[in-house]
Amino acid sequence: MPSEKLQIDAFAMAIGDAADADLEQLYALSISVGWPHRAEDWQFLREVGKGVVATDEIGRIMSSAMWFSQSAELATIGMVITSPRLQTQGTGLWLMEYALKDLAGVNLRLNATRAAQRLYLSLGFKPEKTVYQCQGIVTNPPAERPVSGELRPMTDADLAAAVTLDAAAFGVARTRLMGKLFQHSRGYGLFRDGHLVAFALCRRFGRGHVVGPIVASNDEDAMAVVAPHIRNHEGQFLRLDTHFEAGEFALLVVRSGLSVFDTVLTMSLGKSLADFASGEADGPVTYSLVSQTLG
């Protein structure tokens, strides 16, 4: 069992519930390591997940870790942050022990920064895929062009279809998360014969907006649903996180001004990404993550 306190040099760190933590302190923690999360982004994560924080003897939040139940068999881990002055002191491992205790028997997935990969490897996580963090000011949005099917804004009536399509791509039905995303996002869906075949959601996040998830079965459909979001944000900051480094979709993203800013590594513990794949040759895939934290 992880201890309730951790001695760091001359002071002790105490564990606390992220749900009760001060939002401004959480915001300051993420800013201290260069992450763009606003207080509102932290609040969204607290509404869809659980977490712990480590505080020093005067109540300052020095570290955090969160986890998100995507289904009965799969959870994602994220927001594992340690204040720069405490890195290499074991705080990250201490908080991960709390996450792993709560997630016993569940398959896990996370996206690791280069600095954190050694920690996750030591806990048994296996490398899977690189995630390309693409972002920038939209400078060259794609022109409107005909698409194969009906492209239109999504409504609440499309939620069930989006959950089903996302589940085929992600591996489990993220019903609760998708419901929350629909409340905070604008979406475009591509329909053929009345059936949803691709969609992209866009919401406020960090420095501007983030597009994700994007779910489609091929580059052409993925480009069709992301293009209106890019056009809507011409001259503004936009981000998306994708496993796709090459191909027409990746080329469209880069040409629009969203260059690769950084990379992280998707890692798993238990079942791999392939174990959750649908196995359909032309089945839907995730072109852009909800976020690095949520997958």
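Below is a summary of the structure that appears in this document. (Residues numbered from 1 in each chain as written. Predicted model: local features only at pLDDT ≥ 70, side-chain atom pairs only at ≥ 80, totals over all residues. Heavy atoms only, no water.)

## Focus: the packing of aromatic side chains
Considering all chains together, one arrives at five aromatic pairs under this definition. For the pair Tyr 120 and Phe 125, a centre-to-centre distance of 5.8 Å together with 65 degrees between the ring planes defines the contact as edge-to-face. With a centroid separation of 4.2 Å and 5 degrees between ring planes, the pair formed by Phe 244 and Tyr 287 is classed as stacked. Within this pair, whereas Phe 244 is found in the loop between β12 (237-242) and α8 (248-255), its partner Tyr 287 is found in strand β14 (residues 285-288), the two being separated by 43 residues in sequence. Take Phe 244: its relative accessible area is 25%, and that puts it in the partly exposed class. A cation over a ring is seen here: Arg 174 above Phe 170, with NZ or CZ 3.7 Å from the ring centre. (Phe/Tyr/Trp six-rings, centres within 6.5 Å; stacked < 30°, edge-to-face > 60°. Helix = DSSP H or I, 4+ residues; strand = E, 2+ residues; numbered from the N terminus. Buried < 20%, exposed > 50% of the residue type's maximum accessible area, 1.4 Å probe, protein only. Lys NZ or Arg CZ within 6 Å of the ring centre and 35° of its normal.)

## Notes on unusual backbone geometry
With omega at 0 degrees, the peptide bond leading from Gly 212 into Pro 213 counts as cis. In this structure, Met 79 is a non-glycine residue whose phi angle is positive, near 55 degrees. Along the polypeptide, Met 79 turns up in strand β5 (residues 74-82).

## Comments concerning helix α7 (residues 219-232)
The α-helix advances 3.6 residues per turn, and as a result positions three or four apart in sequence lie on the same side. With 14 residues, α7 should cover 20 Å at 1.5 Å per step; its first-to-last C-alpha distance of 20 Å lies within 8% of that length. The sharpest bend along α7 measures roughly 30 degrees and falls at Val 226, with the proline Pro 228 sitting one to four residues further on. With eleven of 14 residues buried, α7 lies mostly within the body of the structure. By the burial criterion, the buried members of α7 are Asp 219, Asp 221, Ala 222, Met 223, Ala 224, Val 225, Val 226, Ala 227, Pro 228, His 229 and Ile 230. (Expected span 1.5 Å × (residues − 1). Bend = angle between axes of the 7 residues up to and from the residue.)

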